[in-house]
Amino acid sequence: MPKMATKAADNVFYKARMAAASWNDRLASREGASELTGIDRTRLANIELGTVNPHPDEVLMLADIYNAPELQNHFCSRLCPLGIGTVNPLKVDELEAVVLQMLSVMRCLPEVKDGIIDIAADGVIDDNERERMKGYLRMLDEIDNKIQSLKLLYRKQFGKD
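Residues numbered from 1 in each chain as written. Predicted model: local features only at pLDDT ≥ 70, side-chain atom pairs only at ≥ 80, totals over all residues. Heavy atoms only, no water.

## Looking at the packing of helix H2 (residues 30-37) against helix H3 (residues 41-49)
Selection rule: Each axis is a line fitted through C-alpha atoms, taken for helices only over the stretch in contact, and angles between the N-to-C directions span 0 to 180 degrees. Helix and strand definitions follow DSSP, with helices as H or I runs of at least four residues and strands as E runs of at least two, each counted in order from the N terminus. Small angles under 35 degrees read as roughly parallel and large ones over 145 as roughly antiparallel, with 65 to 115 read as roughly perpendicular and the rest as oblique. Each crossing gets its hand from how the near helix is turned against the far one by less than a right angle, where anticlockwise is left-handed and clockwise is right-handed. Throughout, a contact is declared for two residues whenever any of their heavy atoms are within 4.5 Å. Three classes are used: nonpolar for Ala, Val, Leu, Ile, Met, Phe, Trp, Tyr, Cys and Pro, charged for Asp, Glu, Lys and Arg, and polar for all others, with Gly counted as polar.
Relative to each other, H2 and H3 sit at 110 degrees, their axes nearing to 9 Å. Looking at the two axes, H2 sits roughly perpendicular to H3. Taken as a pair, H2 and H3 cross one another with a handedness that is right-handed. Between H2 and H3, the residues in contact are Arg-30, Glu-31, Ala-33 and Ser-34 and Arg-41, Leu-44, Ala-45 and Glu-48, respectively. Residues of the contact of H2 with H3, tallied by class, amount to three nonpolar, one polar and four charged.

Put into structure tokens, the structure is as follows:
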């Protein structure tokens, strides 16, 4: 069992490496991970300590080698200037929880569909319809987040398939 790095313990990149170390012993150390990834050990340490952000190509490589596609979502939703505010952070849950949450929020689909049809019928979203439309869009975002979480879990189990 590898010794935990206390300063990096809450870092998503460190956690992903430690999880991957359970099936690949070389990932238990930064030296081994550096050899496998080609990322300098010091740079890897700085990524895991949060003192530098990884480059997109490094995130892709780490996500692949660690079998951690959630790293891509983390990067895009929290670190990338273009993604922040446009890519929603996903929570990695167990399959059963994601499916039940998705089914629960999907119950509102008939109401959302009917409401959007009502709003769009005249081809204009007027001031009286604006708040309703924002509510429908929030519901659709919630459904989309659950769908994306399910896709993430699938990729984690089966790869890019």
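## Some words on the state of the cysteines
Applicable threshold: Note on terminology: disulfide denotes any pair of cysteine sulfur atoms within 2.5 Å.
What the rule picks out here adds up to zero disulfides. Cys-80 takes part in no disulfide bond, and the closest cysteine sulfur to it belongs to Cys-76, at a distance of 5.8 Å.

## Overview of the side chain of Arg-17
Keep this limit in mind: Each residue's exposure class comes from its accessible area (1.4 Å probe, protein chains only) as a fraction of the maximum for that residue type: buried when under 20%, exposed when over 50%, partly exposed otherwise.
Secondary-structure assignment places Arg-17 in helix H1 (residues 12-21). What makes Arg-17 buried here is its relative accessible area of 2%.

## Examining unusual backbone geometry
Its identity as a non-glycine residue notwithstanding, Asn-67 has a phi of 50 degrees, on the positive side. On the secondary structure map, Asn-67 appears in the loop between helix H4 (56-65) and helix H5 (70-79). Taking the relative accessible area as the measure of exposure, Asn-67 reaches 30% and is therefore partly exposed.

## Some remarks on the environment of Leu-153
Within the secondary structure, Leu-153 sits in helix H8 (residues 127-158). Assessed through its relative accessible area of 16%, Leu-153 is described here as buried. Residues Leu-153 and Leu-82, 71 residues apart in the sequence, show an inter-C-alpha distance of 24 Å. Contacts of Leu-153, omitting those with residues within four sequence positions, involve Val-92, Asp-93, Glu-94, Leu-95 and Val-98.

## Quick word on the nonpolar core
Looking at soluble globular proteins, one finds that nonpolar side chains tend to be buried together. Formally: By nonpolar core we mean a set of buried residues, namely Ala, Val, Leu, Ile, Met, Phe, Trp, Tyr and Cys, connected to one another through side-chain atoms within 4.5 Å.
Ranked by internal contacts, the top residues of the largest apolar core, which has 17 residues, are Phe-13, Leu-27, Leu-44, Leu-62, Tyr-66 and Leu-71. Of all elements in the fold, only H1, H3, H4 and H5 reach the threshold of two or more residues within this core. The element best represented in this core is H1, accounting for four residues. Aside from chain neighbours lying at most four places away, what touches Tyr-66 is Phe-13, Ala-16, Arg-17, Ala-20, Trp-23, Leu-27, Ala-33, Leu-44, Glu-48 and Leu-71. Within the second largest apolar cluster, seven residues are counted, among which are Cys-108, Ile-119, Met-133 and Ile-143.

## Observations regarding the packing of aromatic side chains
Note the following rule: Any two rings among Phe, Tyr and Trp, with Trp reduced to its six-membered ring, count as a pair given centres within 6.5 Å; such a pair is stacked if its planes are under 30 degrees apart, edge-to-face if over 60, and tilted if neither.
Considering all chains together, one arrives at one aromatic pair under this definition. Taking the centre distance of 4.9 Å and the plane angle of 45 degrees together, the rings of Tyr-154 and Phe-158 count as tilted. Taken together, the residues Tyr-154 and Phe-158, both in helix H8 and four residues apart, mark about one turn of the helix. According to the relative accessible area criterion, Tyr-154 is partly exposed, its value standing at 39%.

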